Amino acid sequence: MFKPTPNPPDADCQIESGPESSRNRRPNPIFTILPNVNTETLLVHACETLASASVMASELAFNLNGPKCNLALGIQQMIALAELSVNRVLDHVDPQE
(Lines give C-alpha, C1' and ligand atoms only; values in the text may rest on other atoms or scores of the structure.)
Protein backbone atom coordinates (compact mmCIF):
# COMPACT_ATOMS: atom_id res chain seq x y z
CA MET A 1 0.00 0.00 0.00
CA PHE A 2 1.29 3.44 -0.96
CA LYS A 3 1.81 5.76 1.97
CA PRO A 4 2.58 9.36 1.02
CA THR A 5 5.33 11.00 2.99
CA PRO A 6 5.31 14.70 3.76
CA ASN A 7 7.70 16.88 1.87
CA PRO A 8 10.85 17.70 3.82
CA PRO A 9 10.89 21.26 5.11
CA ASP A 10 12.73 23.70 2.86
CA ALA A 11 15.50 25.50 4.73
CA ASP A 12 14.63 28.72 2.90
CA CYS A 13 10.95 28.59 3.87
CA GLN A 14 11.12 28.08 7.60
CA ILE A 15 8.75 30.28 9.53
CA GLU A 16 10.29 31.84 12.58
CA SER A 17 9.03 34.40 15.02
CA GLY A 18 10.69 36.75 17.43
CA PRO A 19 13.29 39.49 17.12
CA GLU A 20 15.95 37.21 15.64
CA SER A 21 13.72 35.87 12.83
CA SER A 22 14.48 38.77 10.44
CA ARG A 23 18.23 38.28 10.88
CA ASN A 24 18.05 34.54 10.20
CA ARG A 25 15.72 34.74 7.21
CA ARG A 26 17.28 33.80 3.90
CA PRO A 27 14.98 34.63 0.96
CA ASN A 28 14.78 32.16 -1.86
CA PRO A 29 16.48 33.72 -4.92
CA ILE A 30 14.20 32.03 -7.50
CA PHE A 31 12.01 35.12 -7.78
CA THR A 32 14.05 38.20 -7.11
CA ILE A 33 13.36 41.84 -7.87
CA LEU A 34 16.49 43.73 -8.75
CA PRO A 35 17.27 46.48 -6.25
CA ASN A 36 17.55 49.16 -8.96
CA VAL A 37 14.01 48.70 -10.36
CA ASN A 38 12.15 51.99 -9.98
CA THR A 39 8.96 52.42 -8.00
CA GLU A 40 6.79 53.20 -11.03
CA THR A 41 7.79 49.94 -12.75
CA LEU A 42 7.06 47.94 -9.60
CA LEU A 43 3.65 49.59 -9.22
CA VAL A 44 2.74 48.97 -12.88
CA HIS A 45 3.62 45.28 -12.56
CA ALA A 46 1.71 45.02 -9.27
CA CYS A 47 -1.33 46.61 -10.91
CA GLU A 48 -1.15 44.23 -13.89
CA THR A 49 -0.78 41.23 -11.57
CA LEU A 50 -3.78 42.32 -9.49
CA ALA A 51 -5.85 42.86 -12.65
CA SER A 52 -5.01 39.32 -13.81
CA ALA A 53 -5.84 37.87 -10.39
CA SER A 54 -9.15 39.74 -10.43
CA VAL A 55 -10.09 38.20 -13.78
CA MET A 56 -9.12 34.72 -12.57
CA ALA A 57 -11.19 35.09 -9.38
CA SER A 58 -14.19 36.32 -11.41
CA GLU A 59 -13.93 33.41 -13.83
CA LEU A 60 -13.72 30.99 -10.92
CA ALA A 61 -16.77 32.56 -9.27
CA PHE A 62 -18.88 32.02 -12.39
CA ASN A 63 -18.08 28.28 -12.22
CA LEU A 64 -19.16 27.97 -8.58
CA ASN A 65 -22.46 28.14 -6.74
CA GLY A 66 -23.61 29.26 -3.33
CA PRO A 67 -21.11 30.03 -0.57
CA LYS A 68 -18.11 29.07 -2.69
CA CYS A 69 -19.18 31.54 -5.37
CA ASN A 70 -19.61 34.22 -2.71
CA LEU A 71 -16.14 33.44 -1.36
CA ALA A 72 -14.56 33.76 -4.82
CA LEU A 73 -16.40 37.06 -5.40
CA GLY A 74 -15.22 38.32 -2.01
CA ILE A 75 -11.63 37.48 -2.98
CA GLN A 76 -12.16 39.23 -6.31
CA GLN A 77 -13.45 42.33 -4.51
CA MET A 78 -10.42 42.42 -2.20
CA ILE A 79 -8.15 42.16 -5.24
CA ALA A 80 -10.05 44.99 -6.96
CA LEU A 81 -9.65 47.19 -3.86
CA ALA A 82 -5.92 46.48 -3.77
CA GLU A 83 -5.72 47.31 -7.48
CA LEU A 84 -7.45 50.65 -6.86
CA SER A 85 -4.97 51.43 -4.09
CA VAL A 86 -1.99 50.61 -6.31
CA ASN A 87 -3.45 52.76 -9.09
CA ARG A 88 -3.86 55.68 -6.68
CA VAL A 89 -0.23 55.38 -5.55
CA LEU A 90 0.83 55.15 -9.20
CA ASP A 91 -1.09 58.38 -9.89
CA HIS A 92 0.92 60.09 -7.15
CA VAL A 93 4.23 58.69 -8.44
CA ASP A 94 3.57 59.66 -12.07
CA PRO A 95 0.70 62.17 -12.45
CA GLN A 96 -0.82 62.01 -15.96
CA GLU A 97 -1.95 65.67 -16.16
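Since the model is a prediction, treat every value here as computed from it, not as a measurement.

A. Examining helix α3 (residues 66-93) more closely. Between its first and last C-alpha atoms α3 spans 41 Å; for 28 residues at 1.5 Å apiece the expected length is 40 Å, and the two agree. Residues of α3 that are buried include every one of Cys 69, Ala 72, Gln 76, Ile 79, Glu 83, Val 86 and Leu 90, and no others. In this structure, the buried residues of α3 make contact with α2 (39-62).

B. Seen up close, the side chain of Gln 76. Counting through the fold element by element, Gln 76 comes out in helix α3. On the accessibility criterion, Gln 76 (19% relative accessible area) is buried. Within the structure, Gln 76 has its side chain in polar contact with the side chain of Ser 54 (distance 2.8 Å). If we skip the residues at most four places from it in the chain, Gln 76 touches Ser 54, Ala 57 and Ser 58.

C. Molecular detail of α2. The end-to-end C-alpha separation of α2 is 35 Å, in line with the 34 Å expected for 24 residues at 1.5 Å each. For α2, every residue scored as buried is listed here: Leu 43, Cys 47, Leu 50, Ser 54, Ala 57, Ser 58 and Ala 61. Where α2 begins, the capping side chain belongs to Asn 38, and its oxygen is found 3.2 Å from the backbone nitrogen of Glu 40.

D. Structural context of the environment of Leu 64. Position of Leu 64 relative to the elements: it lies in the loop between α2 and α3. Apart from residues no more than four positions distant in its own chain, Leu 64 is found in contact with Cys 69 and Ala 72.

E. Structural context of the nonpolar core. Counting seven residues, the largest nonpolar core consists of Leu 43, Cys 47, Leu 50, Ala 57, Ile 79, Val 86 and Leu 90. Mapped by element, the contributors of at least two residues to this core are α2 and α3. Looking at this core, the element that brings in the most residues is α2, giving four residues. For Val 86, the contacting residues outside a window of four places in its chain are Leu 43, Ala 46, Cys 47 and Leu 50.

Procedures and definitions
Residues numbered from 1 in each chain as written. Predicted model: local features only at pLDDT ≥ 70, side-chain atom pairs only at ≥ 80, totals over all residues. Heavy atoms only, no water. Helix = DSSP H or I, 4+ residues; strand = E, 2+ residues; numbered from the N terminus. Expected span 1.5 Å × (residues − 1). Buried < 20%, exposed > 50% of the residue type's maximum accessible area, 1.4 Å probe, protein only. Contact = heavy atoms within 4.5 Å. Polar contact = N/O pair within 3.5 Å; in protein donor to acceptor, adjacent residues only side chain to side chain. Core = buried A, V, L, I, M, F, W, Y, C linked by side-chain atoms within 4.5 Å.

So far we have only geometry, and geometry alone does not tell us how the molecule works.
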